[in-house]
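Residue-level listing of the chains:
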Amino acid sequence: MKFFDTHAHCDDKRFEEEYEGGTLGVINDCLSDNVSYIINIGTNLENSRVSTELADRFENVYAACGIHPSDVFYEDPDKAIAVIEELLGHPKAVALGEIGLDYHYEDVPRDLQMIYFEKQMALAEKLDIPVIIHDRDAHGDCLEMIKKFPSVKGVFHSFSGSAEMAQELVKLGWYISFSGTVTFKNAKKPKEASLVVPKDRLLIETDAPYLAPTPHRGELNRSSYVELTANELAALRCEPIEEIQKITTENAKRLFRIK
Ligand code: NI
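All values reported here derive from a predicted model rather than from experimental measurement.

Q: Where do I start with the coordination of the nickel ion in this structure?
A: Working reference: metal with six octahedral donors, ideal angles 90 or 180 degrees; metal with four tetrahedral donors, ideal angle 109.5 degrees. Protein-derived ligands of the nickel ion are H7 (NE2), H9 (NE2), E98 (OE) and D207 (OD), with the metal-ligand distances lying across 2.2 to 2.3 Å. Here H9 falls in the buried class, since its relative accessible area comes to 7%. Residue class for D207 comes out buried when judged on its relative accessible area of 10%.

Right under this line is the structure:
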């Protein structure tokens, strides 16, 4: 059985440092193991470009390009976002992301994060492309922002909100993606949220090299471990793993318009 990892950073320097074969090695290993597709996610201009290069190199790797709320330090936001627009012209760039808000650390001014978030949502509207949202401790403001752009749809990645928020997002037409955090013993909120997401809105991801699932918590994460998140969802939702594999693959292909 092969699983669709909708969110990984395979170009992260940790793979060069800690994985034999580095970035290309980990992608090869995961695709020849239990992974059908990987979306490699950009967080700035450099790695957004690298994502498109990985998509050129591997048939089953697709790219997302965007500026993450922790990377909002370009001299001219409009110029930086124009580069993202150009990268999204790549035939295998399937989403704008990851974008959003991160209030966990206090080192990036919120108003600056908001400027990049809003401008990139406007770009998604203009290009008619799905978005990948990073929302860390910023649930209210993220919800408010997406409501300003009702024609833009996408996914809240590594979902950390409540079951109520998941239901609201589903009503608004959005998808919910669960990462390794749903396998953590004390992860009451994501476990509860996973129960209310309808079958046609559920996605899975690793966020590799971060957030390795149990029993690899704290280790280097990789796309193959997405199966552990799928297993956890199957157990929580009392659905066969084959069903979780099937619906999460279909949903990812539908959202990201992959034939
Ligand atoms: Ni990420």
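Q: Would you take a moment to explain unusual backbone geometry for this structure?
A: Cis geometry marks the peptide bond from G97 to E98, where omega comes out at 10°. Here E98 shows up in strand β4 (residues 93-102). Omega for the peptide link from T214 to P215 comes to 5°, which places this bond in the cis form. Looking at the element boundaries, P215 is found in the loop between β8 (202-204) and α9 (226-237). A positive phi angle, close to 55°, is found at D137, a residue other than glycine. On the secondary structure map, D137 appears in the loop between β5 (131-136) and α6 (139-148). Positive phi, normally seen in glycine, also occurs at L211, with a value near 55°. For L211, the location among the structural elements is in the loop between β8 and α9. Accessibility expressed as a relative area gives 29% for L211, which makes it partly exposed.

Rules of the game
Residues numbered from 1 in each chain as written. Predicted model: local features only at pLDDT ≥ 70, side-chain atom pairs only at ≥ 80, totals over all residues. Heavy atoms only, no water. Donors = N, O, S within 2.8 Å, 3.2 Å for Na, K, Ca; no water. Buried < 20%, exposed > 50% of the residue type's maximum accessible area, 1.4 Å probe, protein only. Helix = DSSP H or I, 4+ residues; strand = E, 2+ residues; numbered from the N terminus.

Just geometry here; none of it tells us what the structure is for.
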